[in-house]
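# Fold and contact review
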Amino acid sequence: MALSSFTDVTELIKKALEGSSALETFCAVNLGGDLTVKKEYKKSTDVGLTELPIIMITAPQHDREIFTGGLIGRTSTVLLYCGFHQKDRSLGQDQFVLFEEEVIKALFADQGMKVEELNIIPGGSANDEGYFHPIYFFAIELTMFIEEVI
């Protein structure tokens, strides 16, 4: 897939998440609202209750390597910060798991977004273990390798 910039990658991820009717339905039924998807910086962004549930796409790290023949290989990390509001503490744990599963399905569903062509590999995830109840957040790490011509 020809990309002019890494912003194309994050835009494809955004479109894949926004284009998932299953993810939208899950959020409406289980998380009480319409999903907000945006490209942001998690550590410097205030999120209001009206924006939840939310997925914030960040691109915090890029490692580059130069190969012969005018190619640069880039391994990039994208973090998805996913948050929701849940007053009932007993539902938080299951909703962490279910929301994460829906996000991964949305990224790799056949939606014509070609996310799979970017060699995206889902990595680890971590959640805040309900520390900020009734607001819950988790992060999913995605890595990908992209070759660019100099």
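Nothing here was measured: the structure is a model prediction, and the numbers come from that model.

## A few points about the overall build of the chain
Counting secondary structure elements, the chain contains 3 helices and 5 strands. Within the span of the chain, comprising 150 residues, buried residues form 39% of the whole. Put simply, 62% of the contacts in the chain that link residues at least 6 apart link residues at least 24 apart. Summed over its atoms, the accessible surface of the chain is roughly 8300 Å², and 51% of this surface lies on carbon and sulfur atoms.

## Quick word on the confidence of the model for the chain
For the chain, mean pLDDT is 86; residues scoring 70 or higher make up 89% of the total. The least confident element of the chain, judged by mean pLDDT, is strand β2 (residues 54–67) at 85; the most confident is helix α2 (residues 21–30) at 96.

## Here's the deal with the nonpolar core
Grouped together as the largest cluster of nonpolar side chains are 31 residues, with contacts concentrated most on Ile 13, Leu 17, Leu 80 and Phe 99. Of all elements in the fold, only α1 (6–18), α2, β2, β3 (71–85), α3 (89–108) and β5 (135–149) reach the threshold of two or more residues within this core. Those residues in contact with Ile 13 that lie beyond four places of it in its chain are Ile 57, Val 78, Leu 80, Leu 107, Ile 120, Leu 142 and Met 144. Leu 52, Ile 54, Leu 79 and Ala 139 belong to the second-largest nonpolar core, a separate cluster that totals 7 residues.

## Focus on the layout of surface pockets
What the second largest pocket holds in volume is close to 160 Å³. Considering the residues around the second largest pocket, the lining is formed by Phe 6, Thr 7, Thr 10, Lys 39, Glu 40, Tyr 41, Ile 57, Thr 58 and Ala 59. Contributing elements (two or more residues each) for the lining of the second largest pocket: α1 and β2. Considering only residue class, the lining of the second largest pocket consists of 4 nonpolar, 3 polar and 2 charged.

## So, the pairing of β2
As judged from the 4 bridges shared by strand β1 (residues 36–39) and β2, these two strands associate in the parallel manner. The residue of β2 that forms the bridge with Lys 39 is Ile 57. Alignment of β2 against β3, held across 12 bridges, turns out to be antiparallel. In the strand pairing of β3, Asp 63 is matched with Thr 75. Hairpin connection between β2 and β3: a loop of 3 residues separates the two successive antiparallel strands, and Gly 69 in this loop has a positive phi of roughly 90°.

## Observations concerning the packing of aromatic side chains
The description of two aromatic rings rests on the distance between their centres and on the angle between their planes. Scanning the entire structure with this criterion turns up 8 aromatic pairs. Here the aromatic rings of Phe 96 and Tyr 136 are separated by 5.4 Å at their centres, their planes lie at 80°, and the arrangement is edge-to-face. Of this pair, Phe 96 sits in helix α3 while Tyr 136 sits in strand β5, and the two are 40 residues apart along the sequence. With a relative accessible area of 4%, Phe 96 lands in the buried category. Ring geometry for Phe 96 against Phe 138: centres 6.1 Å apart, planes inclined by 85°, an arrangement best described as edge-to-face. Pair noted here: Phe 96 is in helix α3 and Phe 138 is in strand β5, with a separation of 42 residues, a long-range link. The same class applies to Phe 96 and to Phe 138, which are both buried.

Conventions used here
Residues numbered from 1 in each chain as written. Predicted model: local features only at pLDDT ≥ 70, side-chain atom pairs only at ≥ 80, totals over all residues. Heavy atoms only, no water. Helix = DSSP H or I, 4+ residues; strand = E, 2+ residues; numbered from the N terminus. Buried < 20%, exposed > 50% of the residue type's maximum accessible area, 1.4 Å probe, protein only. Contact = heavy atoms within 4.5 Å. Areas by Shrake-Rupley, 256 points an atom, 1.4 Å probe, with all protein chains shown as cover. pLDDT = per-residue confidence, 0-100. Core = buried A, V, L, I, M, F, W, Y, C linked by side-chain atoms within 4.5 Å. 1 Å grid on protein atoms, 1.4 Å probe; cavity = no way out; pocket = protein on both sides within 12 Å on 5 of 7 lines; lining within 4 Å. Points joined across faces, edges and corners; volume = space filled by probe spheres on them. Nonpolar A, V, L, I, M, F, W, Y, C, P; charged D, E, K, R; others polar. Pairing = 2+ DSSP bridges. Phe/Tyr/Trp six-rings, centres within 6.5 Å; stacked < 30°, edge-to-face > 60°.

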